[in-house]
Amino acid sequence: MKNALIDYSIRNPKTVVSLTLLMTALFAVQFPKARIDTDPENMLAAQQLDRVFYRQVKQEFGIRDLLVVGLVDEGGILETPTLEKLARAAEQVLAIPGVVAEDVVSLATSDNITASEGTLVVRRFLDNVPRTHEALAQLRQAVFGNSFFVGKIISADGKATALYVPIQSKDLSHSIAGRIEEILEEEFRASASDTSNGVRFFIAGLPVAEETFGHEMFVQMAVVGPATGMLLFLLLWLLFRRWTLILPAMGLMMVTIIWTMGAMIWLGYTVHIMSSMTPIFLMPIAVLDSVHVLSWFSDRYPRLRDRRQTIAAVLRDLWRPCLFTSVTSAVGFASLALAGIPPVQVFGVNIAFGIMVAWLLTFTLLPASLTFIREITLSRHLAARAEVSGTSARFLPALGSFAFRRAKWVIAGATLLIAVGVIGIWQIRVNDNPVRWFKANHPIRVADRVLNEHFGGTYEAYLVVEGGQPDDIKRPEVMSYLARLQQALERHPRVGKTSSVADIVKRINFVLHGEQGAFDAVPDDQAAIAQILFLFSISGDPNDLDNFLNADASKANVWVQMKSGDNRDMSAVEAALAAFMREQPPPEGLQLRWSGLTYINRIWQGLMVSGMLRAVLGSFAVVFVLMVALLRSLRLGVLAMLPLTVAIVFCYGLLGLFGKDYDMPIAVCSTLSLGLSVDFAIHFLTKLHALRRQGTDAARANQEMFGETVRAVWRNAIVITLTFLPLTFAPLTPYVTVGLFFATLMVGSAAATLLLLPAFARFLPKPTGSNPQPVS
């Protein structure tokens, strides 16, 4: 198969190129069908229990995704001119298509509960905009006298107000947020960046953060992708200095990306944060084998002086190591299928497919393209390469000699790095927050910071209280337990405010008894509670209870507003609830269960950590077996795994030592780097094993290794490391994290390969059955 494929590609270059272009066109037509997905719900499998329960909660309590709109005026928000503009703006927001108008919570739309002569009165705060000092004073008294709304629609200091805007679908959040911004700009003529004393406005919430990320993700694909491609082209130019050699490799890269992304879209998968990075990952990966082929071709052509003969010789020599490097890299990525997170699984399998496509094209399209280069062009350009010169020609042999002579010191140094890495790994902190996917000065981050300073929190979690029978929630002991539970949660520093049906019951009981402090509590009679809820339903909007109480009163929903969306903070709040329940067990028959976007994010983060561990261990085992099979030696198989082990353990240890959160991009990098890191070792040990079997002594073999073979490894390390650096200039932190951390891992893997393997090679016994002969 090897010889047939190589010979066919060299003898029929036009056919190979034509077939490749036809396939590329078929995949390219799929691109307009691409769909974006940034919904954290979809990070969980469709039948995952927490996801199923979240869908049930949303349906049963009429819960929608929320945009949180905040207006801040340092001079005070409750002033007539500001309230007039707020009322007009709220009216326009209610009319935006996709906004669930009846559920908008704000000063302009929310009802205040009072009593007059023993009769319950439910009336809008802003039925009419107050225009006198007396009317403004009454409004302030009404708003601040109702604790249900303080910290929710009005800040405690009176300098900010909020609108909670539910939307019909999360994928509308970016467009609706844009329309709201237009309305507020028109009304207030100010923005979040305005430093004057006027009204500033902010838009926050997980839905808009995630959809904004999706929008900017596509922008980054259009910016970072071409920038990475240009850098890759420049690197290849610096390495080979000839357009005729570079263009086939760049063409191979583009075809690989089109086939891979086209196949993903054709199969119906959406573009998620991970799959959006597919082109960036495939750019350097797709040319890795090409760099080896071009490097060896450049070094050998001056001796053979025949392009077809040189191409065939190089490809036959590189067939086995390139096949195994591609398979191990593909295994590293495909192991993400064990992660249990659908978008990560799709990304891993997709990249694995792309790697094997690149390998196939390296042995078909690349040789076919090289045959079009004229002999006279190659002779003129590559003759000068017969004697390799330059920095790498001096540096690499010196590096190999140092590692070989100072083997014990190199091994001791690697042992120390592993020890440091292990210490750091024990200190790693697992955490993520979609809002932190933006840089600190991004409007989403600024809005998040400002609104969480003024209000109860822009992150929603829901605590569902389930009884066994209808009207269980109306039981006094249950309603009182809800009130105590809320007080316990609000004592946690990350919980800004909680709301439930118990707050409504307490408020009505309070106002119906002349606002006497003793009645700011849940009645101790179930009939009284039922009557309070009935009065509220006939006096105001019956839908006002829907978000807190289901139809038969067998379940209640506690809206928990958090000031942080970090997974560790959600976990801490869960722990606080668990501690409260141990101290004060719930009434008989009552069950409590968490849900909501912030909780869902915490769930998939936990699944990611366990899934990544399975992926890394599974990938490590498979790659090790492949190494033993390739090198036909258990000892060399272990040796092949050492450089990547040192690099991964040390780099992840640094994360723990420097306090960097272990988030989704960092977790994924571990499995990705595993497959790629071993590539360097494969090429090194394959050649070393061949030399040793020929009877070459260790010192001579090491000297030979740091010629043609290590030059190709060196070039590959430069390409794959530097090509990821454009990601560090992206405004989205996952791109920055992947770019910087992955480049660091590749530097560590290359350095460990070029230092550790020569050091250990010094102590390897001569293979049995070796045939001493000179090395040409």
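Preceding this section is the structure that the text describes.
Everything numeric in this text was worked out from a predicted model, so none of it was measured.

1. Here's the deal with the packing of helix α26 (residues 708–722) against helix α27 (residues 733–761)
Part 1 of the argument: Taken N-terminus to C-terminus, the directions of α26 and α27 make an angle of 165 degrees; their axes are 9 Å apart at the nearest point. Between α26 and α27, the crossing angle belongs to the class labelled roughly antiparallel. When the axes of α26 and α27 are compared, the crossing they make is left-handed. In contact with Val-710, Val-713, Trp-714, Ala-717, Ile-720 and Thr-721 of α26, α27 contributes Ala-743, Met-746, Val-747, Ala-750 and Leu-754.
Part 2 of the argument: Of the residues assigned to the contact of α26 with α27, the class counts are 10 nonpolar, one polar and no charged.

2. Some thoughts on empty space enclosed by the protein
Part 1 of the argument: A complete count under the given rule lists three cavities of 30 Å³ or more for this structure.
Part 2 of the argument: Of the pockets and cavities examined, the largest cavity occupies roughly 140 Å³.
Part 3 of the argument: Elements with a contribution of two residues or more to the lining of the largest cavity: α9 (278–286), α10 (288–304), α11 (307–334), α12 (342–362) and α24 (664–693).
Part 4 of the argument: In terms of residue count, α24 provides more of the lining of the largest cavity than any other element does, four residues in total.
Part 5 of the argument: Tallied by class, residues from the lining of the largest cavity come to eight nonpolar, six polar and two charged.
Part 6 of the argument: Going through the elements one at a time, α3 (49–60), β1 (65–72) and β7 (459–466) are the ones with two or more residues in the lining of the second largest cavity.
Part 7 of the argument: Residues belonging to the lining of the second largest cavity are distributed by class as follows: five nonpolar, no polar and four charged.

3. Some words on the sheet that holds β7
Part 1 of the argument: Here four strands make up an open sheet; going across it, the order is β8-β9-β7-β10 and the pairing antiparallel. Two strands close off the open sheet at either side, each with one partner strand: β8 (495–499) and β10 (591–595). For this sheet, the mean angle separating the axes of adjacent strands, direction not counted, is 25 degrees.
Part 2 of the argument: Running at roughly 165 degrees to β8, helix α18 (residues 476–490) makes contact with β7, β8, β9 (555–562) and β10 of the sheet.

4. A few points about helix α6 (residues 173–188)
Part 1 of the argument: Spanning 16 residues, α6 covers 22 Å between terminal C-alpha atoms, matching the ideal 22 Å at 1.5 Å per step.
Part 2 of the argument: Those residues of α6 lying buried are Ser-173, Ile-176, Ala-177, Ile-180, Ile-183, Leu-184, Glu-187 and Phe-188. The arc enclosing the buried residues of α6, seen along the axis, measures out at 120 degrees, which places them on a common side.
Part 3 of the argument: Here the buried face of α6 lies against β1, α4 (80–94), β4 (160–167), β5 (200–204) and α7 (206–240).

5. Focus on the packing of aromatic side chains
Part 1 of the argument: Under the criterion given, the structure shown has 23 aromatic pairs.
Part 2 of the argument: Ring plane angle 80 degrees and centroid distance 5.3 Å describe the contact between Phe-281 and Phe-742, whose orientation is recorded as edge-to-face. Separated by 461 residues along the polypeptide, Phe-281 in helix α9 and Phe-742 in helix α27 bring together distant segments of the chain. When sorted by exposure, Phe-281 lands in the same class as Phe-742, which is buried.
Part 3 of the argument: The interplanar angle of 65 degrees and the centroid separation of 6.4 Å between the aromatic rings of Phe-333 and Phe-347 together place this pair among those described as edge-to-face. Within this pair, whereas Phe-333 is found in helix α11, its partner Phe-347 is found in helix α12, the two being separated by 14 residues in sequence.
Part 4 of the argument: Here Phe-333 falls in the buried class, since its relative accessible area comes to 0%.
Part 5 of the argument: Cation over ring: Arg-593 sits above Phe-53, and NZ or CZ is 4.0 Å from the ring centre.

6. Examining the nonpolar core
Part 1 of the argument: Core analysis: the largest hydrophobic core is formed by 244 residues, its most contacted members being Leu-71, Ile-180, Phe-281, Val-501 and Trp-594.
Part 2 of the argument: Counting residues per element, this core draws most heavily on α24, which supplies 15 residues.
Part 3 of the argument: Setting aside residues up to four positions removed in sequence, Val-501 forms contacts with Ile-473, Met-479, Leu-482, Leu-533, Leu-545, Phe-548, Leu-549 and Ala-556.
Part 4 of the argument: Ala-407, Val-410, Ala-414 and Ala-759 belong to the second largest nonpolar core, which has eight residues in total.

Criteria and cut-off values
- Along every chain, residues carry numbers that run from 1 in the direction the sequence is written.
- Selection of residues for local features in this predicted model requires a pLDDT of at least 70, selection of side-chain atom pairs for listing and counting requires 80 or more, and totals for whole chains, interfaces and linings are taken over all residues.
- Neither water nor hydrogens contribute to the side-chain values; these are computed over all heavy atoms in the structure.
- Here, axes are lines fitted to C-alpha atoms. For helices the fit covers the stretch in contact, and angles between N-to-C directions go from 0 to 180 degrees.
- Labels follow the DSSP assignment, with helices taken as runs of H or I lasting at least four residues and strands as runs of E lasting at least two, numbered in each case from the N terminus.
- Oblique is the label for any angle not under 35 degrees, not over 145, and not in the 65 to 115 range, which are roughly parallel, roughly antiparallel and roughly perpendicular in turn.
- Here is the rule for handedness: rotate from the far helix to the near one, and if that takes an anticlockwise turn smaller than a right angle the crossing is left-handed, while a clockwise turn gives right-handed.
- Contact definition: two residues touch when any of their heavy atoms are within 4.5 Å.
- Residue classes follow a fixed rule: Ala, Val, Leu, Ile, Met, Phe, Trp, Tyr, Cys and Pro count as nonpolar, while Asp, Glu, Lys and Arg count as charged, and any other residue, Gly among them, counts as polar.
- Using a grid of 1 Å spacing that covers the protein atoms alone, one calls a set of points a cavity when a 1.4 Å probe fits there but cannot get out, and a pocket when the set is open and has protein on both sides within 12 Å along at least five of seven lines; lining residues are those with an atom within 4 Å of a point.
- Grid points are joined across faces, edges and corners, and a volume is the space filled by probe spheres set on the points.
- Any two strands between which DSSP finds at least two bridges are classified as paired.
- By definition here, a helix of n residues has an expected span of 1.5 Å times n minus one.
- For each residue, the accessible area found with a 1.4 Å probe, counting protein chains only, is set against the maximum for its type, and the residue is called buried under 20%, exposed over 50%, and partly exposed in between.
- Arc, as used here, means the arc of the directions from the helix axis to the C-beta atoms.
- The rule is short: rings of Phe, Tyr and Trp, with Trp giving its six-membered ring, pair when the centres are within 6.5 Å, and they are stacked under 30 degrees, edge-to-face over 60, tilted in between.
- As a reminder, the over-ring test applies to NZ of lysine and CZ of arginine, requiring each to be within 6 Å of the ring centre and within 35 degrees of the ring normal.
- What is meant by a nonpolar core is a set of buried Ala, Val, Leu, Ile, Met, Phe, Trp, Tyr and Cys residues, joined one to another through side-chain atoms within 4.5 Å.

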